[in-house]
Amino acid sequence: MSLPAVLLAAGPSPSPTPSESPTVTVPSLQDAQESATNAASWVEQNWSTWLAIGLRVLLILIIATVLRIVVRRAITKLIDRMTRTVESVDGTALGGLLVNAERRRQRSQAIGSVLRSVASFLILGTAALMILATFQINLAPLLASAGVAGVAIGFGARNLVTDFLSGVFMILEDQYGVGDSIDAGVAVGEVIEVGLRVTKLRGAGGEIWYVRNGEVKRIGNLSQGWATAGVDVTVKSDEDLDRLKATLDEVAQKMSAEEPWNELLWGPVEVLGLDSVLLDSMVIRLTAKTMPGKALTVERELRWRVKRAFDAADIRIVGGATAPAEEEAPDPTATVAAPSVFANPDSPQVAAATPIGQQRATPPGK
């Protein structure tokens, strides 16, 4: 079949006209009414559920906020009551000596801050989980992810966590406070600030040490309880022991009765007796119980008084290297060798050592 026959059988093909345009379907009033009816029916069916969820969320937020305020106020009142209880001890001598106002203030603030932070975290975290559960969100993947993230963060920041936990227990147990002199192993000094992560110490030379709480393995508090002042006096071994003891007892009684030493001394100055006896000397030991941190002050004053009392009683204090006895100055010529006989040309030794030729040339008169 030829191509023209095929075209005639197919019929004339329609040709597009420029005036044609696609038809646009305009929603009718009936369609809009139907859509509005469906939306209204959906809202009518679900409004009670959404209202219940909203009221539940609102109730959770209100309860969490009120509970957080109540718990924080209770913690603040508890800390204030503890502070007032300690302040009531200040009327006694022991309380006034042991309790430091700045130390109490910082310790109470630290404890209150930790307790309030923990309470807020627990309350708000529980409220957030309850709100998510209200929206029917599966919390299992979220809790699993939070657990993995917490383990990763804790492993990466284990030193920070260790410092924080150590600081919390140090404060709760009141191991030391502001104004205490402590030996932290890595540094020794006076505590000027106690933090949850770092403790600041003022060294003997004025330097400030920043000690991480997690690095402290042992703590020696030199300011709690009482301190001991000890003085060793070295005298000659031939001194009269009764006179020595009477002199030292008199010094101890006078010092214990005078101010301000009667407040720094928490016990009488005791003469313990002979601490050691040598061939040319003997050591007498004195000790006293003092206020914390005042042992060195008491020792210096006690040495001062003992020295003055011994000078008045003509008792000599010995110790250290013994000075050599004075000797006459040596003769400077003693180390000079005697002149040789060969230095005199007319001596028989020189003549005997002279060569034979020179001896023949010598005039007969020589």
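About the thresholds
- Residues numbered from 1 in each chain as written.
- Predicted model: local features only at pLDDT ≥ 70, side-chain atom pairs only at ≥ 80, totals over all residues.
- Heavy atoms only, no water.
- Pairing = 2+ DSSP bridges.
- Helix = DSSP H or I, 4+ residues; strand = E, 2+ residues; numbered from the N terminus.
- Salt bridge = Lys/Arg side-chain N within 4 Å of Asp/Glu carboxyl O.
- Buried < 20%, exposed > 50% of the residue type's maximum accessible area, 1.4 Å probe, protein only.
- pLDDT = per-residue confidence, 0-100.
- Contact = heavy atoms within 4.5 Å.
- Core = buried A, V, L, I, M, F, W, Y, C linked by side-chain atoms within 4.5 Å.

Engineer: Before we move on, could you go through the sheet that holds strand β2 (residues 188-194) and cite the residues and values that matter?
Structural biologist: The strand order across the open sheet built from 5 strands is β4-β3-β2-β1-β5, with neighbouring strands paired in antiparallel fashion. Across the chains shown, the open sheet's two edge strands, defined by having one partner strand only, are β4 (208-212) and β5 (220-221). With 2 bridges connecting them, strand β1 (residues 181-183) and β5 associate as antiparallel partners. Each bridged residue has a counterpart across the sheet, and for Ile 182 the counterpart in β5 is Asn 221.

Engineer: Hey, could you go over the pattern of salt bridges for me, with residue numbers and the actual values?
Structural biologist: The final tally for this structure, using the stated rule, is 12 salt bridges. Its salt-bridge partner being Glu 250, residue Lys 254 comes within 3.3 Å of it at the nearest N-O pair. Taken as a pair, Lys 254 and Glu 250 lie in helix α7 (residues 241-257) at a separation of 4 residues, close to a single helical turn. Measuring nitrogen to oxygen at the nearest pair gives 3.8 Å for the salt bridge that ties Arg 303 to Glu 299. Of this pair, Arg 303 and Glu 299 both sit in helix α9 (residues 295-312), separated by 4 residues, roughly a single helical turn. In this structure Glu 299 comes out as buried when scored by relative accessible area, which is 12%.

Engineer: I'd like a rundown of the pairing of strand β7 (residues 270-277), residues and numbers included.
Structural biologist: Relative to strand β8 (residues 281-290), β7 runs antiparallel, the two being bridged by 6 bridges. Counterpart to Leu 274 in the pairing with β8 is Ile 284. Here β7 hands over to β8 after 3 residues, the two strands then running antiparallel side by side.

Engineer: Would you mind going over the confidence of the model for the protein chain in detail, with residue names and values included?
Structural biologist: Overall, the prediction assigns the protein chain a mean pLDDT of 75, with 71% of residues at 70 or greater. Mean pLDDT in the protein chain bottoms out at helix α3 (residues 93-98), which sits at 44, and peaks at β4, which reaches 90. Scored below 50 in pLDDT, residues 90-99 shows 14 contacts in the model against residues more than four places distant or in partner chains. A low-confidence stretch, residues 321-325 stays under pLDDT 50, and its non-local contacts, those more than four residues away or across chains, total 0 contacts.

Engineer: Talk me through the environment of Gly 293; I want residue IDs and the actual numbers.
Structural biologist: With respect to the secondary-structure elements, Gly 293 resides in the loop between β8 and α9. Taking C-alpha positions, Gly 293 is 9.4 Å from Thr 228, a pair spaced 65 residues apart along the chain. With near-sequence residues (within four places) excluded, Gly 293 lies in contact with Leu 222 and Ala 227.

Engineer: Could you give me a rundown of the nonpolar core, with the residues and numbers involved?
Structural biologist: Val 235, Leu 302 and Phe 310 are the most contacted members of the largest nonpolar core, which totals 26 residues. Within the residue set of this core, elements represented by two or more residues are β6 (227-236), α7, α8 (261-264), β8 and α9. The biggest single contributor to this core is α9, with 6 residues. Setting aside anything within four residues of it in sequence, one finds Leu 302 in contact with Val 231, Val 251, Met 255, Val 269 and Leu 286. Of all hydrophobic cores here, the second largest spans 17 residues; its members include Ala 110, Val 178, Ala 187 and Val 216.

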